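Given next are the chains, with one letter for each unit.
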Amino acid sequence: MNPHPHPNPLAELVRIESDPAYRALFCAELDAAIRDRFANRAAVVAEVQAAADRLRALVLHGEPGPST
């Protein structure tokens, strides 16, 4: 088994720097991945805030908070 799957680990970086079409594709995919990560993070934050609201209502009023 080859410990280095790519003979030159910087080959993709060289291609990104030297091939404008490949660079554009790489940047578009990177931007999409960043947007997805931020969307996922925002969804998790919303879930945590909703859970905190439900817990707060339970502790303060002895009743469940809104389930949405």
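See the structure shown above.
Residues numbered from 1 in each chain as written. Predicted model: local features only at pLDDT ≥ 70, side-chain atom pairs only at ≥ 80, totals over all residues. Heavy atoms only, no water.

Visitor: Describe helix α2 (residues 20-61), naming the residues involved and giving the relevant values.
Guide: Counted at 1.5 Å a residue, the expected span for α2 with its 42 residues is 62 Å, and the 61 Å between its end C-alpha atoms agrees. The set of residues buried in α2 consists of Tyr22, Ala50 and Ala57. Close packing links the buried residues of α2 with α1 (11-18). Measuring from the backbone nitrogen of Ala21 back to the side-chain oxygen at the start of α2 gives 3.1 Å, which picks out Asp19 as the cap. In the segment just after α2, Gly62 is the residue with positive phi, at about 65 degrees. (Helix = DSSP H or I, 4+ residues; strand = E, 2+ residues; numbered from the N terminus. Expected span 1.5 Å × (residues − 1). Buried < 20%, exposed > 50% of the residue type's maximum accessible area, 1.4 Å probe, protein only. Contact = heavy atoms within 4.5 Å. Polar contact = N/O pair within 3.5 Å; in protein donor to acceptor, adjacent residues only side chain to side chain.)

Visitor: For the packing of aromatic side chains, give the residues involved together with the corresponding values.
Guide: Inspection of every chain in the model, using the stated rule, returns zero aromatic pairs. When the ring centre of Tyr22 is taken as reference, the NZ or CZ atom of Arg15 above it lies at 3.7 Å. (Phe/Tyr/Trp six-rings, centres within 6.5 Å; stacked < 30°, edge-to-face > 60°. Lys NZ or Arg CZ within 6 Å of the ring centre and 35° of its normal.)

Visitor: A description of a nonpolar patch on the surface should follow, citing residues and the corresponding values.
Guide: A surface patch of nonpolar side chains, about 350 Å² in accessible area, is lined by Phe26, Leu30, Ile34 and Phe38. Here Ile34 lies in helix α2. (Patch = residues over 30% accessible without salt bridge, like charges linked within 9 Å, V, L, I, M, F, W, Y side chains within 5 Å. Areas by Shrake-Rupley, 256 points an atom, 1.4 Å probe, with all protein chains shown as cover. Salt bridge = Lys/Arg side-chain N within 4 Å of Asp/Glu carboxyl O.)

Visitor: For the pattern of salt bridges, give the residues involved together with the corresponding values.
Guide: Under the defined criterion, the tally for this structure stands at two salt bridges. A salt bridge links Asp19 to Arg15; its shortest N-O distance comes to 4.0 Å. Take Asp19: its relative accessible area is 27%, and that puts it in the partly exposed class.

Visitor: Describe the packing of α1 against α2, and please don't skip the residues or the numbers.
Guide: Packing of α1 against α2 brings their axes to within 6 Å, and their N-to-C directions diverge by 110 degrees. In terms of orientation, α1 and α2 fall into the roughly perpendicular class. Counted together, Glu12, Arg15, Ile16, Glu17 and Ser18 of α1 and Pro20, Tyr22, Arg23 and Phe26 of α2 form the full contact between these two elements. In terms of residue class, the contact of α1 with α2 is made up of four nonpolar, one polar and four charged. (Axes fitted to C-alpha atoms, helices over the stretch in contact; angles between N-to-C directions. Parallel < 35°, antiparallel > 145°, perpendicular 65-115°, else oblique. Nonpolar A, V, L, I, M, F, W, Y, C, P; charged D, E, K, R; others polar.)

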